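# Coordinate analysis (summary)
In case you want the letters, here they are:
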Amino acid sequence: MSTYVVTGGAGFIGSHVCGRLAELGHRVVNVDSFADNYDYRRKVANVLESLHMPGRVQWMDKERDLAWLSACTASGAYRLVCADIREEAALAVLFAEERPDAVIHLAALPGVRASMAQPALYEDVNVKGTLSLLEAMRRCGIRKWVCASSSSVYGNTERTILSETDCTDMPISVYAASKKSCELLGHTYSHLYGIDGLMLRLFTVYGERQRPDLAIHKFTAMIERGEALPFYGDGASVRDYTYVGDIVDGIVLALDYASRHERFYEIVNLGSHRPVALTELVSTLESVTGRTASLTRLPDQPGDMAGTCADIGKAARLLGYRPSMDFRAGIARFADWYRAGSAQDGAGGI
């Protein structure tokens, strides 16, 4: 059994990672600040779902709810630590107590458009927070980490397929710039201090527990309520939508790679290698919900990329990564999860 610290382990992807690692028999330490970028109750529900702990929560207030969550999830194999990644001293204490085999760094403020409104906050959390994490790792002698980067670092390019060797020196959003900064910090700490790192550029992840501000979740909710969808541009923009289970597979494979190799720093795309146009996304949502969407047409948004499609050849060679989820099947799984949560007054509706 290995011990892994997962930052952002109450979030969309993080809760799936924690659940998978627990199922594989590892000790999981979830470090999450339960930031207010969206309803903390959704994150509480994520933790409970990831540990297969069904049941209604008697919501009180955030402080008492998180104390209750920490108590009811405490076990020999799982620990929840409510802390901010910018708190280097708290991280140092935690690392000294746990001596993890590796850190999976998923905590960050997400969102291209939101980053334009609060650039200083995004720099503080995403860049300074990552630096605090690396400093705590360095001082405690932790030498392995897997870090979530983003396909947004590629910016706008004429290339159809995005490869790790492409230039990423011209990000077009504050969020993308913050993720590029994390990659650079990872390289610096690998070079100076021998902290082995895999920087995983994730491509538009979707699936059960997806954040409510992301397109698939937001569009599903609006279709169910009969509201018009905000439809940016002409619908030709494409995204490499990647099912969360495939992303978790890639993260677990990255941990296995890290356990078997020394003195490495790698940047690796994790995507599906199947671009989906906005028009196809809407039609697929209509198909799985059985409802017709109405659209409010809007101009393209500053900071949004025209298209993404991952070259996943390196992930296949290095990690053995092979995504398998069909897009429509993945969307149907999300819709089932959303409706089940809404019916129970919890997960989907929060």
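Check the entry above for the structure.
Quick caveat: nothing in here was measured; it's all calculated off a predicted structure. (Residues numbered from 1 in each chain as written. Predicted model: local features only at pLDDT ≥ 70, side-chain atom pairs only at ≥ 80, totals over all residues. Heavy atoms only, no water.)

A few words now on the packing of aromatic side chains. If you walk through the whole model with that rule in mind, you get 10 aromatic pairs. When the centroid spacing of 6.1 Å and the interplanar angle of 40 degrees are considered together, the rings of Tyr154 and Phe203 count as tilted. Taken together, the residues Tyr154 in the loop between strand S5 (144-150) and helix H7 (174-193) and Phe203 in the loop between strand S6 (196-202) and strand S7 (205-206) connect sequence positions 49 residues apart. Grouping residues by exposure puts Tyr154 and Phe203 together as buried. Taken together, the ring pairs connect Tyr206, Tyr241, Tyr243 and Phe327 into an aromatic cluster. Directly above the ring of Trp59 sits Arg41, whose terminal nitrogen or CZ lies 5.9 Å from the centroid. One residue, Arg201, lies across the ring of Tyr154, its end atom 4.9 Å from the ring centre. (Phe/Tyr/Trp six-rings, centres within 6.5 Å; stacked < 30°, edge-to-face > 60°. Helix = DSSP H or I, 4+ residues; strand = E, 2+ residues; numbered from the N terminus. Buried < 20%, exposed > 50% of the residue type's maximum accessible area, 1.4 Å probe, protein only. Lys NZ or Arg CZ within 6 Å of the ring centre and 35° of its normal.)

Enumeration over the complete set of coordinates arrives at 25 salt bridges. The salt bridge involving Arg79 is made with Glu98; its shortest N-O contact spans 2.8 Å. Note that Arg79 is positioned in strand S3 (residues 78-82) and Glu98 in helix H4 (residues 88-98), a separation of 19 residues in sequence. With a relative accessible area of 26%, Arg79 lands in the partly exposed category. A salt bridge links Arg211 to Asp213, with the nearest nitrogen and oxygen atoms 2.9 Å apart. (Salt bridge = Lys/Arg side-chain N within 4 Å of Asp/Glu carboxyl O.)

Nothing here speaks to function; it is geometry throughout.
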